[in-house]
Amino acid sequence: MWRQLKWRIVGGNMAVVIAGATLVLVMTQLVTRRVVPEPIVAGLRALAEASDALGAEAATAVLLETFRGTILTAVFVGALGAIVVGWFSSLALARHILRPLNQLASSSQRIANGRYDERLPIPASSELATVAAHFNQMAEALATIEAQRITLIGNVSHELRTPLTSMIGYLEGLMDGVFPSGQETYAPMHAEMKRMQRLVDDLQTLSRVEAGEIGLKKRPFALYPVVEQVLTQLQPQLTAGQLQTAVLEEEGETAVVVHADPDRTAQVLLNLLSNAIRYTPPHGTITVALRSHHPFAHITVHDTGSGIPEAALPFLFERFYRVDQSRARKSGGSGIGLTISRHLVWAMGGDITAHSAGPNQGSRFTFTLPLAAEP
Ligand code: ADP
């Protein structure tokens, strides 16, 4: 029973009250015996000298006893009253404190059972109000995570269903002899399988970056060679898209040196440039600009392509978001490339933003990385 906070509070309060009452009783005894009686005794003696000495002595003793008895009774009743009041007030106090705590216990139990809409009423006491407010914030965060989890499952199954349906269609066509068993059937089947593989790879990367599980190998390195390397890698796509060779601008005399992970930086650049290639029609131009603005390097990928409507800009970095669902899916985009890029840039201590003047006005993606400290 004493393990319960309720009885500990009651016990604590009662101990204080009982100690106080005992002290009052002891002090009364001491005071009535030593201090107070002397002047009274002296007064009574003076009175007795005037009359019968023996009778006066007896009268003094009775008077003193009465005096002591009266004070003791008064203090005893007072102390008893204090104990009773202490008992009920500590019970009321314990209840007052425990009610919100009990609510907290049952609400957290309900949340543990998956009821994320559970919220606590805010109690009057400031400490308990803070606890309740923090609890409600936690419940809110859990509800958001749960909603994101449900959306994620929905998105993943939707993304997987499309290539699977198409694969089943091809296979049934082959079995029924509707489709010829040759390159013309296997090539699109292969493309669908590649799309599924890309999606699964992207999902794995996404889960690792979101969990902060990618081991970054940060070191100082010059950005220019990394950009060149990514552009060389993308040369076949640039040529196929009849896009003007990306121009590399570098401001100032010295090369921009950042402190980040070169491979992850290349991955982000690859994603931004692949998007630029994908969304820019033939004869367009893609530009990469490097600028240092202490304490960050700004890397901008600019294209003269399809552009992005203003309303879509705030959602670009969300998982599975695509401006034009059907077109992006046909071109092989999973809609998580930018989400991965943002997490990678964040992990390296930078940020990423997107700008566009609107449809067909081109797009500009800029990400920042911390500049390496001067040697
Ligand atoms: P995806 O793999 O579909 O390209 P991303 O996360 O990389 O996924 O991009 C999300 C969406 O942002 C794209 O589907 C596209 O609608 C839009 N987007 C990204 N880059 C560009 C760009 N350079 N020009 C126009 N739209 C873009």
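To be clear, the structure that these remarks concern was listed above.
Calculation notes
- Residues numbered from 1 in each chain as written.
- Predicted model: local features only at pLDDT ≥ 70, side-chain atom pairs only at ≥ 80, totals over all residues.
- Heavy atoms only, no water.
- Core = buried A, V, L, I, M, F, W, Y, C linked by side-chain atoms within 4.5 Å.
- Buried < 20%, exposed > 50% of the residue type's maximum accessible area, 1.4 Å probe, protein only.
- Helix = DSSP H or I, 4+ residues; strand = E, 2+ residues; numbered from the N terminus.
- Contact = heavy atoms within 4.5 Å.
- Near = heavy atom within 4 Å.
- Polar contact = N/O pair within 3.5 Å; in protein donor to acceptor, adjacent residues only side chain to side chain.
- Areas by Shrake-Rupley, 256 points an atom, 1.4 Å probe, with all protein chains shown as cover.
- Nonpolar A, V, L, I, M, F, W, Y, C, P; charged D, E, K, R; others polar.
- Pairing = 2+ DSSP bridges.

Chemist: Teacher, can you tell me more about the nonpolar core here?
Modeler: Soluble globular proteins tend to bury their nonpolar side chains together. Residues Leu223, Leu269, Leu273, Val288 and Phe367 are the most contacted members of the largest nonpolar core, which totals 50 residues. Broken down by element, this core gets its largest block of residues, seven residues, from helix α8 (residues 262–278). Among residues more than four places away in sequence, those in contact with leucine 273 are Val230, Leu231, Leu234, Ile286, Val288 and Val301. With six residues, the next largest nonpolar core counts Trp7, Ile9, Val10 and Ala94 among its residues.

Chemist: I tried to follow the site of the ligand on my own but got confused; where do I start?
Modeler: Residues in contact with the ligand amount to 22 residues; listed here are only the nearest, Asn275, Arg278, Asp303, Val323 and Leu338. Measuring from an oxygen atom of the ligand, one finds a side-chain N or O atom of tyrosine 279 at 3.2 Å. The contact in question runs from a nitrogen atom of the ligand to an N or O atom on the side chain of aspartate 303, over 2.9 Å. Here the ligand loses 97% of its free accessible area of 530 Å² to cover by the protein chains. If you list the elements that add at least two residues to the shell around the ligand, you get α8, α10 (337–347) and β7 (363–370). Residue contributions to the shell around the ligand peak at four residues, all from α8. Its residues placed into classes, the shell around the ligand shows ten nonpolar, nine polar and three charged.

Chemist: For this particular structure, what's the right way to read the pairing of strand β5 (residues 296–303)?
Modeler: Remember that side chains alternate between the two faces of the sheet whenever the strand is regular. With eight bridges connecting them, strand β4 (residues 285–293) and β5 associate as antiparallel partners. Within β5, the position partnered with valine 288 by the bridge is valine 301. Count of turn residues in the β4/β5 antiparallel hairpin: two residues. Here β5 pairs with β7 via eight bridges, running antiparallel.

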